[in-house]
Number of protein chains: 2
Amino acid sequence: MPTRLKDIANALDVSIVTVSKVLRGKTDVSAETRDRILRKMEELNYKPNMIARGLASGRSLTVGLVVPDIADPFFAELARSLGAHLRRSQYQLLLASADESPAVEQHEIENLLQRGVDALLIASCQTDPASLNSALARSTPCVLLDRALPGSNANFVGTDDVLAGRLATEHLLSLKRTRIAHIGSEGTSTANDRLLGYREALAHRGIPADPALTLACDLHSGRPDLLGYNAMRRLLERPEHPDAVFCYSDLLAVGAIRAAREFGRRVPEDIAIIGCGNLPISAYLEVPLSSMDQGTAELGEHASSLALQLIGSKTRSKPRSVLISPRVVVRASTGLPRA
Amino acid sequence: MPTRLKDIANALDVSIVTVSKVLRGKTDVSAETRDRILRKMEELNYKPNMIARGLASGRSLTVGLVVPDIADPFFAELARSLGAHLRRSQYQLLLASADESPAVEQHEIENLLQRGVDALLIASCQTDPASLNSALARSTPCVLLDRALPGSNANFVGTDDVLAGRLATEHLLSLKRTRIAHIGSEGTSTANDRLLGYREALAHRGIPADPALTLACDLHSGRPDLLGYNAMRRLLERPEHPDAVFCYSDLLAVGAIRAAREFGRRVPEDIAIIGCGNLPISAYLEVPLSSMDQGTAELGEHASSLALQLIGSKTRSKPRSVLISPRVVVRASTGLPRA
């Protein structure tokens, strides 16, 4: 005989209501109780009839996620973390990738809303907040993820990117580097904020930001490793070279290291390089890469909780913003301070 | 005034029917004409009313894809390639990830079918063909991707994995290695076929396959780099070490290289290591990794064409199978033959 909700409640001496709450992704059950119930469901091989439940509740038990580029390991990791957290509340994740194109992103958003997702998470590549207005005005709850849209007044879960830029640059300053370059991106809040943090850290030390040391890559225009490679070549072809670089992403940094070495520069002795994103592969590179860890797993967890809360709340509540603090992870590409 | 189909047809001196065919993803228009039409649509900023078109045709203009793990860069790249190809025919891709769990995969398949996708692509982590029978029996066309299910009689697009195993092992044999190990996976067609190819190559040279040199990792049990690391440690702790290893994936190989170096073995001098998948990052690793290129872009293109053909065909046709030939990409981790 198939396991029923009642069997799980009896086995754990909790109420059927509590078991049902866990199934429906309600958040007013303690984490400990929820974990006990989920373990017992697995043990007793409980199979909820998802479709019947979805129909009965008028919900699809599905959350949509649009990312700028699914082949960017940062977003792939974020999607994995999100999916795992949602699954614990019996929700499923449907993913779409915008290939860094604002037009494609709008199509994908529309499509996910059409497919009846209960909430939509958007890591947007729009540069104009207005483009998202129609999505944000819909009755389906939306959360912006990773990339904020200033002035959009939307729910947001992301990294404190100003802090990421500041900490990365302060780390390079602590290594007695004085000509610190930034290989950045353009248009998005993450790009703007990391650049701002970089400038703040320099200003705090009384170092004027040299425009010749700041480059912005158009991430839509090619593979990030090749963009980073080309950006570093441009920096090295100029008369005054940088002695350190903060890169907007790990993949840009990977290409930057390759270019520096081809130019005969030692990393980190001649040029210290730090990325952002702390990809799992960063420890295995030709020069293991220092990076800003953005807490990808934590991002996924917060975004999933917020989405479930919004789905569960009967009224439209005031937009919430969750900012996660990044931290520096030091590896060989920045190494030890120079004598 | 918004651009109409007629404007595009007039501008290119083609019929409205041809333009409409391109929009509907029909395949009986030459690639050249299709490209001209798509370029003109972009130039004239033509915005088809996707939703109206979908409703009118009874289609969602959406193809679903279930992958075993979206954070595995091979599947993320494959998803990107697929999405780009589908988009050229005005189709959208919706993605779900199964986290290498057969139970989760079944949920995700059901969910995508519920959301009304026009076709479903499945890179399955099932080990039992029967588990997919209910999906394959539905009226929505299905294509198995990358991982075949022997005996399932389904449409399939993937790599010739026996050939991948054979070519990788032959490459190691050509470097005069005699104790060649295989760090594999288990249960899937890709795992079985690569192991088979490995054994065929050894048998062809009259070398008996030593069971002590074959390990299978459970990919569901942890991060692949750590699984590869542990597998390599186990191989090195045995009295007779391998002098070469063919790894089921690049990420397993990344961990295997790390373990070999920690054991004081030089790669490739003491141990030559080759992976499979040829990830873009492979060229940037501590030891640039030789790998079997599976033609990810080509896989995506074939899978997208087949899905669109199946959607467009009025009758259920005989299942088709597309096998793509892999090729060896040699980098430093296998290097030059030993003297």
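Residues numbered from 1 in each chain as written. Chains lettered and ligands numbered in written order. Predicted model: local features only at pLDDT ≥ 70, side-chain atom pairs only at ≥ 80, totals over all residues. Heavy atoms only, no water.

Chain A carries the name LacI family DNA-binding transcriptional regulator in an unreviewed UniProt entry, which gives Terriglobus aquaticus as its organism.

Before going further, it helps to spend a moment on the overall build of chain A. Within chain A, the regular secondary structure consists of 12 helices and 12 strands. Partitioning the intrachain contacts of chain A with sequence separation of at least 6 by distance along the chain shows that 72% fall at a separation of at least 24. As displayed, chain A offers around 14,000 Å² of accessible surface, 51% of which is attributable to carbon and sulfur atoms. Chain A carries 40 positive and 38 negative side-chain charges, and their two centres are separated by 6 Å. (Helix = DSSP H or I, 4+ residues; strand = E, 2+ residues; numbered from the N terminus. Contact = heavy atoms within 4.5 Å. Areas by Shrake-Rupley, 256 points an atom, 1.4 Å probe, with all protein chains shown as cover. Lys, Arg positive; Asp, Glu negative; His and termini not counted. Charge placed at Lys NZ, Arg CZ, Asp CG, Glu CD.)

So, about the domain arrangement of chain A. Domain boundaries assigned for chain A yield domain 1 (5-48), domain 2 (58-159 + 295-326) and domain 3 (161-294). A separation of 48 Å is found between the C-alpha centroids of domain 1 of chain A and domain 3 of chain A. (Domains from an automatic or database assignment.)

We now examine the environment of B:Cys217. Residue and element names in this part refer to chain B. Tracing the backbone through its elements, the reader meets Cys217 in the loop between β7 (214-216) and α10 (224-237). For Cys217, a relative accessible area of 5% gives the class buried. When the C-alpha positions of Cys217 and Gly228 are compared, they lie 7.8 Å apart, and in sequence the two are 11 residues distant. When near neighbours in sequence (up to four residues on either side) are disregarded, Cys217 contacts Ile183, Gly184, Ser185, Glu186, Leu227, Ala231 and Leu252. (Buried < 20%, exposed > 50% of the residue type's maximum accessible area, 1.4 Å probe, protein only.)

Attention now moves to the sheet that holds strand β6 (residues 180-184) of chain B. Residues and elements named next belong to chain B. Strand order across the open sheet formed by 6 strands is β7-β6-β8-β9-β10-β12, with mixed pairing between neighbours. A strand with exactly one partner marks an edge of an open sheet, and here the two such strands are β7 and β12 (327-329). Across this sheet, the average inter-strand angle for adjacent strands is 20°, counted without regard to direction. Summarising the sheet, β6 and strand β8 (residues 244-247) pair through 4 bridges and their orientation is parallel. Note that in β8 the partner of Ile180 across the bridge is Ala244. (Pairing = 2+ DSSP bridges. Axes fitted to C-alpha atoms, helices over the stretch in contact; angles between N-to-C directions.)

Chain-level statistics for chain A give a pLDDT mean of 89 and a share of 94% at 70 or above. In the model output, the complex is listed with pTM 0.81 alongside ipTM 0.79. (pLDDT = per-residue confidence, 0-100.)

Our focus in this paragraph is unusual backbone geometry. Cis peptide bonds are those with omega within 30 degrees of zero, and the linkage from A:Val267 to A:Pro268 qualifies with 15°. Position of A:Pro268 relative to the elements: it lies in the loop between α11 (250-262) and β9 (272-276). Located in the positive-phi region is A:Glu100, a residue other than glycine, with phi close to 60°. Of note in the backbone geometry, B:Lys176 takes a positive phi value of approximately 65° without being a glycine. With respect to the element layout, B:Lys176 can be found in the loop between α8 (161-174) and β6. The exposed category is assigned to B:Lys176, whose relative accessible area is 55%.

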